[in-house]
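Each chain, written out:
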Amino acid sequence: MPSSPQETPVKSVVVPFGPDTSPALLRRRLGDHEVPERWHTVDRSAYAPHLVAVPAGDGADWAAAALVTARPHTAYLKIVDAVGDVPAAVAAVVAHARRQGLAQVKWEGWTASPEDTAAAGFTPLCPPLAQAEDAAGPVAGYVRWLHDGTVAEPPYYGQTTHFTCGAVTALVAQAHAGALPREEFDRRAELTLWRAATNFPTCEPVGLGVAVRRAWASAPVTVHLDTDGPVMLDHLPENEREWRAVLQSASRTDAGRAGVPIEPRPLSVDGIRRAIGRGEHVLLLVSLAGMQGFDVPHWVLCHGTVPGAVVIEDPWANAATGDTWVDAHLLPVPDPELDTMSVISADAFRGAVTIGRPERSGTPCGPEGE
């Protein structure tokens with residue numbers, strides 16, 4: 001990780017930001033500094049939007065301000081834009097994040113220049129390999145970790161359908177491990193693996209584990225599922241559940257034939273950390289209730305750890321609310337929050353798939369995987 005610049009304490013104020021925040025007030029406080037129109041074009045209220053502002057000499061006006069958001073129950077802040085004295089605004093956000101004990105600050109590249117971000121201690125994120133048609137994120141993004149050490153960066157791939165999150169997380173894991181060349185990571189690969197794993201239209205843990213093992217025979221795969229019954233069907237009418245339950249039973253038979261063990265004990269956060277420490281990747285089924293406000297099962301990839309948090313890849317971002325790939329990529333989630341997210345549906349089951357190190361043939365995102 002590059003050495004961080006010397007930080008100088010910056011006096012700042014933090015104020016809420018919402019749809020009713022007056023553009024006239026911002027102009028009065030910031031003087032000639034224009035606030036980007038995008039600040040008001042979406043409702044960011046689900047992500048605790050606020051302004052981190054640096055007072056001017058007289059204290060009445062602001063010399064700089066940054067619009068800051070973050071997904072709930074995570075360990076980062078995201079700078080949407082900084083205006084005015086940009087270095088001072090960014091330094092104030094970093095100090096604001098440190099006071100909260102967070103793991104990182106991200107910076108969307110709408111207006112940020114590579115020179116400004118580097119001077120502030122940020123490193124560029126690898127741009128997405130793919131995104132959904134309605135994605136509205138910036139071309140570039142940057143990250144600054146607030147701890148010692150590095151977290152190897154996988155390629156980011158945004159799922160191109162509403163139902164291929166399981167397949168995408170498995171493909172990202174294998175690309176990160178070097179088992180999938182980046183030039184082969186495309187929509188055809190996404191849909192092909194989904195077709196092999198789906199329970200129509202979602203991917204349940206056993207079917208996903210079997211599909212991964214069949215696609216990469218040299219990769220050790222274990223399914224972690226603490227129930228013997230069918231899962232992820234409670235939202236369907238009874239006649240729709242029955243035939244999908246038959247398919248899930250068939251997946252268990254396939255798992256036995258393919259040599260994929262099904263571990264009946266739930267995978268704890270400590271277990272996730274140990275697996276990552278062994279160089280494994282963890283496909284984890286989570287509820288989006290905490291991060292996005294709706295209780296929908298969703299697959300994410302756990303691939304790194306930092307003090308107090310697990311770093312995940314989320315293949316989906318809620319573009320309509322200002323959530324972008326910059327939020328979803330290299331996303332630190334505190335251990336207790338991840339534990340809560342991993343309890344799925346009214347049946348309170350937990351599901352995961354661990355993938356061991358396969359034979360290496362691909363190329364990670366950054367140099368030497370960093």
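To be clear, the structure that these remarks concern was listed above.
Residues numbered from 1 in each chain as written. Predicted model: local features only at pLDDT ≥ 70, side-chain atom pairs only at ≥ 80, totals over all residues. Heavy atoms only, no water.

This next bit is on the sheet that holds strand E9 (residues 262–263). Strand order in this open sheet of seven strands is E9-E8-E14-E10-E11-E12-E13, and the pairing throughout is mixed. Whereas interior strands pair on both sides, the edge strands pair on one side only; in this sheet they are E9 and strand E13 (331–334). Sheet topology places strand E10 (residues 281–287) next to strand E14 (residues 351–355); four bridges connect them, and they run antiparallel. Bridge assignment links Leu284 to a residue of E14, and that residue is Ala352. Those strands touched by helix H7 (residues 205–215) are strand E8 (221–225), E9, E10, strand E11 (297–306) and E14, and its axis lies near 180 degrees from that of E8. (Pairing = 2+ DSSP bridges. Helix = DSSP H or I, 4+ residues; strand = E, 2+ residues; numbered from the N terminus. Contact = heavy atoms within 4.5 Å. Axes fitted to C-alpha atoms, helices over the stretch in contact; angles between N-to-C directions.)

For the structure on display, the rule yields twelve salt bridges. Ionic pairing is found between Asp339 and Arg350, a salt bridge with its closest N-O pair at 3.0 Å. Of the two residues, Asp339 sits in helix H12 (residues 335–341) while Arg350 sits in the loop between H12 and E14, which places them eleven residues apart along the sequence. Here the salt bridges share partners, and the residues they tie into one network are Arg71, Asp314 and Asp323. (Salt bridge = Lys/Arg side-chain N within 4 Å of Asp/Glu carboxyl O.)

Right, let's talk about the side chain of Arg44 for a bit. Mapped onto the secondary structure, Arg44 falls in the loop between helix H2 (38–41) and strand E2 (50–55). There is no salt bridge for the buried Arg44, and the closest opposite charge comes from Glu108, which lies 5.3 Å off by N-O distance. Within the structure, Arg44 has its side chain in polar contact with the backbone oxygen of Arg38 (distance 2.9 Å). (Buried < 20%, exposed > 50% of the residue type's maximum accessible area, 1.4 Å probe, protein only. Lys, Arg positive; Asp, Glu negative; His and termini not counted. Polar contact = N/O pair within 3.5 Å; in protein donor to acceptor, adjacent residues only side chain to side chain.)

The next thing to look at is the packing of helix H6 (residues 187–197) against H7. Their axes nearest at 8 Å, the elements H6 and H7 cross at an angle of 125 degrees. The orientation of H6 with respect to H7, classified from their angle, is oblique. Note on packing geometry: the crossing formed by H6 with H7 is right-handed. Within the contact between the two elements, H6 uses Leu193, Ala196 and Ala197 and H7 uses Gly207, Leu208, Ala211 and Ala215. (Parallel < 35°, antiparallel > 145°, perpendicular 65-115°, else oblique. Left-handed = near helix turned anticlockwise from the far one by under 90°.)

As a further point, take the sheet that holds strand E7 (residues 141–145). Read from one edge of the open sheet, seven strands run E1-E2-E3-E4-E5-E7-E6, paired in mixed fashion. Each edge of the open sheet is held by one strand with a lone partner, namely strand E1 (13–16) and strand E6 (123–124). As paired strands, strand E3 (residues 62–69) and strand E4 (residues 76–84) are joined by six bridges and run antiparallel to one another. Across the sheet, Ala66 pairs through a bridge with Ala82, a residue of E4.

Here we come to the packing of aromatic side chains. All chains considered together, the criterion is met by seven aromatic pairs. Aromatic pair Tyr156 and Trp325: ring centres 6.4 Å apart, planes at 35 degrees, arrangement tilted. Here the residue Tyr156 occupies a position in the loop between E7 and helix H5 (165–177), and Trp325 occupies one in helix H11 (residues 325–328), the gap between them amounting to 169 residues. Classification of Trp325 as buried rests on a relative accessible area of 0%. For the ring pair Phe163 and Trp194, a centre distance of 5.0 Å and an interplane angle of 40 degrees mean the geometry is tilted. With Phe163 in the loop between E7 and H5 and Trp194 in helix H6, the pair connects residues that are 31 residues apart, well separated along the chain. A relative accessible area of 16% means that Trp194 is categorised as buried. (Phe/Tyr/Trp six-rings, centres within 6.5 Å; stacked < 30°, edge-to-face > 60°.)

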